Amino acid sequence: MNSGLRRTPLYEAHVALGARMIEFGGWEMPVQYTSLIAEHRTVRSSAGIFDLSHMGEFYFRGEDAEANLQRLLTNDLRRLAPGQAQYSLICNEQGGIVDDVIVYRLADGRFLVVVNAANIDKDRAWIEARLEGDARLDDRSAHTALIAVQGPKSEEILNPLTAADLAGLAGFHALETDVGGVPALVSRTGYTGEDGFEIYAAAEDAARLWTLLLEAGKPYGMVPVGLGARDTLRLEARLPLYGNDLSEKTTPLEAGLGFAVKFDKGEFVGRSALLAQKEKGPGRRLAAFVMNERGGAPRYGYRILHGGREVGSVTSGTFSPTLEQEIGMGYVEAPLAEPGTELEVEVRGRARAAVVIKGRFVPGQAKRA
Amino acid sequence: MYPAELRYTKEHEWLAVEAGGKVRVGITFYAQQELGDVVYVDLPKEGAEVEAGESFAVVESVKAVSDIYAPVSGRIAAVNADLEEKPELINEEPYGRGWIAVIEVADASEIEATLSAEEYKEHIGEA
């Protein structure tokens, strides 16, 4: 029963696989196929396949495309060779995050900016209102399928299917090749902390591509993975989620994303606000913490305390299937984001002890750029 | 999936009437399926008084937190300590080793007010 939600070209495939479907950002997506914990663990031990076709793909062309993107995004595109990608942010004048994106310099001179599904319309309007000169945005989201294969066996599964040899493809690089005969852009990127690939293809090829990838992955134990495990995987890898950890009310400096803000590249929207914040030091920071004992996961909005005083709130939290502990992230007063700091998270009326960690919850195996 | 000898509530709990005026309670197959993998259970204390319709335990899955409502009023006579180490028993055996608590019932007529298996199946649209 279609409740007015959007569906990707793989909707029928998910239903046929027995997926439980939920509403996500206006889309009807699979949250899990079997067990969230089993799907999560399979990605860490062998591989998982994800339908991410709801995400947005914006292509930019024109003489002034690069200059416009340099002005609208915070990272420095000059560092990108053809086929290379980087994580970046669209900020507003106050330095607040409009969206977090991946941007590619494609071999043919165009740029591809991949945006969060829930922000497609917002981002398109934001960018179009600010484009100057010879620069055109072509929103291909509705015509593009995106399938991710993530996990230590990803390259073994995918390489036999591609015309190009993926062994030499470095992290945050992409190439155009056929996958089982389907033309695609294959990118060594992902959102799980594991090695993996994100495959962009034409929407009309989605079902065929999904089926052939599922078949190729079967001997390796690859399973389809829903949005539920996608969230536990990314949180273990300490990757922020827009809408939870990032919003227009948070800046990249507060969120620990200063590496994606290049002040020396020239003017960009939000530069002066962010520079001022950098000089003063952000008043709050996104901390990652582990609960000392089992007692219920931290959840969005739960209060964070220190010495009985409220010092922040939780933005993401879950049970970690790998650590078998409860973990979370939240903004706290800047000095308290220091690793080793003991905090308390209020879970169902009880202040439960937690400790701030350094780096990721689970060490990552993703390939470096 | 919904044993005929058990009673049920609209909030997806089941009750098994036991000797000595007690009922054993847990959550139904439907409830555990909706929740997904259970990772934590907040159990009540033995001896605690509970009121019918009030939350007396919390079952937490990776994605959601769910209050469990006392189907009858009474006193907690026993809790399933196995759920501390293996909360997934609720998914694996919702009517067996995944039981949550045993309640000493104050008013036996409250049991009559619960649903039969057929009525519960109708309630969840599986009649």
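All figures in this text were calculated on a predicted structure; none of them were measured in a lab.

A.B. asks: Tell me about the overall build of chain B, residues and numbers included.
C.D. replies: Looking only at helices and strands, chain B features five helices and nine strands. From first element to last, N terminus to C terminus, chain B shows the α and β order β-β-β-α-β-β-β-β-β-α-α-β-α-α. Expected size for 127 residues packed as a compact globule is a radius of gyration near 14 Å; at 13 Å, chain B falls within 12% of this value. Counting the 127 residues in chain B, one finds 41% classified as buried. Considering only residue pairs separated by 6 or more positions, chain B has 61% of its internal contacts joining residues 24 or more positions apart.

A.B. asks: Kindly report on the overall build of chain A, identifying the contributing residues and their values.
C.D. replies: What chain A contains, in helices and strands, is eight helices and 19 strands. In terms of C-alpha radius of gyration, chain A reaches 20 Å, essentially the compact-globule figure of 21 Å for 369 residues. Along the first, second and third principal axes, the C-alpha atoms of chain A reach 60 × 50 × 45 Å. Burial analysis of chain A (369 residues in total) assigns 50% to the buried set.

A.B. asks: Pulling in residues and values, what's your account of unusual backbone geometry?
C.D. replies: Glycine aside, a negative phi is what most residues show, and trans is what most peptide bonds show. Of note in the backbone geometry, Arg-238 of chain A takes a positive phi value of approximately 60° without being a glycine. For Arg-238 of chain A, a count of 20 C-beta atoms within 10 Å corresponds to the buried category. The backbone of His-12 of chain B shows a phi angle near 70°, a positive value even though the residue is not glycine. Here His-12 of chain B lies in the loop between strand 1 (7-8) and strand 2 (13-18).

A.B. asks: Describe in detail the interface of chain A and chain B, supporting the description with residues and values.
C.D. replies: It is common to give the size of an interface as the accessible area lost on bringing the parts into contact. Each side of the interface is counted separately: chain A has twelve residues, and chain B has nine residues. Looking at the side of chain A that touches chain B, the elements with two or more residues in it are helix 2 (36-45), helix 7 (227-236) and strand 16 (309-320) of chain A. For the side of chain A that touches chain B, the residue count by class is four nonpolar, six polar and two charged.

A.B. asks: Tell me about helix 7 of chain A, and please be specific about residues and values.
C.D. replies: Residues and elements named next belong to chain A. Here helix 7 lies mainly inside the structure; nine of its ten residues are buried. Taken as a whole, helix 7 has its buried residues at Leu-227, Gly-228, Ala-229, Arg-230, Asp-231, Thr-232, Leu-233, Leu-235 and Glu-236. Buried residues along helix 7 sit against strand 1 (20-24), strand 2 (27-32), helix 2, strand 3 (48-51), strand 16 and strand 17 (325-333). Once helix 7 finishes, Arg-238 follows within two positions and takes phi at roughly 60°, a positive value.

A.B. asks: Go over the environment of Arg-352 of chain A, please, and point to the residues and values.
C.D. replies: With respect to the helices, strands and loops of the structure, Arg-352 of chain A is situated in strand 19 (residues 350-356). Excluding its chain neighbours within four sequence positions, the residues that come into contact with Arg-352 of chain A are Met-291, Gly-295, Glu-344, Val-345 and Val-347 of chain A.

A.B. asks: So what's going on with helix 2 of chain A? Residues and values would help.
C.D. replies: With respect to burial, helix 2 of chain A is a largely interior element, seven of its ten residues being buried. Elements that come into contact with the buried residues of helix 2 of chain A comprise strand 2, strand 3, strand 9 (144-150), strand 13 (223-224) and helix 7 of chain A.

A.B. asks: So what about the pairing of strand 6 (residues 55-61) of chain B? Which residues, and what values?
C.D. replies: Residues and elements named next belong to chain B. Most of strand 6 is tucked away, with five of its seven residues classed as buried. With four bridges joining them, strand 4 (residues 38-42) and strand 6 adopt antiparallel strand pairing. Paired with Val-38 across the bridge in strand 6 is Ser-61. Where strand 6 meets strand 7 (residues 65-69), five bridges bridge the pair, whose relative direction is antiparallel. Bridge pairing links Glu-60 to Val-65 in strand 7.

A.B. asks: Explain the nonpolar core to me, and be specific about the residues and the numbers.
C.D. replies: Formed by 130 residues in total, the largest nonpolar core has its most connected members in Val-103, Val-113, Ile-147, Ile-199 and Leu-209 of chain A together with Ile-103 of chain B. Other than its neighbours up to four places away in sequence, Ile-199 of chain A contacts Ile-147, Val-179, Ala-184, Val-186 and Leu-209 of chain A.

A.B. asks: Explain the pairing of strand 14 (residues 284-291) of chain A residue by residue, including any values.
C.D. replies: All names here are of chain A. The buried fraction of strand 14 is high, at seven of eight residues. In this sheet, strand 17 lies alongside strand 14 in antiparallel orientation, the contact comprising seven bridges. Within strand 17, the residue paired with Leu-286 across the bridge is Tyr-331. Where strand 14 meets strand 19, three bridges bridge the pair, whose relative direction is antiparallel. Of the residues in strand 19, the one forming a bridge with Val-290 is Val-355.

A.B. asks: Requested: an account of the sheet that holds strand 9 of chain A, with residues and values cited.
C.D. replies: Neighbouring strands of a sheet are bound in pairs by backbone hydrogen bonds; such pairs are parallel or else antiparallel. All names here are of chain A. Spatial strand order, 10-11-12-9-3-13: six strands in an open sheet with mixed pairing. Looking at the sheet topology across the chains shown, the edges are occupied by strand 10 (174-179) and strand 13. Both strand 3 and strand 13 contribute to a ladder of two bridges, which runs parallel. Within strand 13, the position partnered with Gly-48 by the bridge is Val-223. Where helix 6 (residues 206-217) meets the sheet, its contacts fall on strand 3, strand 9, strand 10, strand 11 (182-187), strand 12 (196-202) and strand 13, and the angle it forms with strand 9 comes to roughly 10°.

A.B. asks: Let's hear about the confidence of the model for chain B: which residues, and what values?
C.D. replies: Any residue range with low pLDDT should be treated as having predicted coordinates unsuitable for detailed reading. Taken over all residues, the pLDDT of chain B has a mean of 94, while the share at 70 or more is 99%. Interface scoring of the predicted complex returns ipTM 0.84; its pTM is 0.93.

A.B. asks: Would you mind going over the sheet that holds strand 6 (residues 97-105) of chain A in detail, with residue names and values included?
C.D. replies: Residues and elements named next belong to chain A. Strands sit in the order 5-6-7-4-8 across an open sheet of five strands; the sheet is antiparallel. Looking at the sheet topology across the chains shown, the edges are occupied by strand 5 (84-91) and strand 8 (136-139). Averaged over neighbouring strand pairs, the angle between their axes works out to 30° when direction is ignored. Where strand 6 meets strand 7 (residues 111-115), four bridges bridge the pair, whose relative direction is antiparallel. The residue bridging Arg-105 from the neighbouring strand is Phe-111, located in strand 7. Relative to the sheet, helix 3 (residues 65-72) contacts strand 4 (56-61), strand 5, strand 6 and strand 7, its axis offset from that of strand 4 by approximately 130°. On the sheet, helix 4 (residues 120-128) packs against strand 4, strand 5, strand 6, strand 7 and strand 8 and is oriented at approximately 165° with respect to strand 8.

Thresholds, definitions, all that
Residues numbered from 1 in each chain as written. Chains lettered and ligands numbered in written order. Predicted model: local features only at pLDDT ≥ 70, side-chain atom pairs only at ≥ 80, totals over all residues. Helix = DSSP H or I, 4+ residues; strand = E, 2+ residues; numbered from the N terminus. Rg over C-alpha atoms; globule rule 2.2 N^0.38 Å. Buried ≥ 20, exposed ≤ 12 C-beta atoms within 10 Å, placed from the backbone. Contact = placed C-beta atoms within 7 Å. Nonpolar A, V, L, I, M, F, W, Y, C, P; charged D, E, K, R; others polar. Pairing = 2+ DSSP bridges. Core = buried A, V, L, I, M, F, W, Y, C linked by C-beta atoms within 7 Å. Axes fitted to C-alpha atoms, helices over the stretch in contact; angles between N-to-C directions. pLDDT = per-residue confidence, 0-100.

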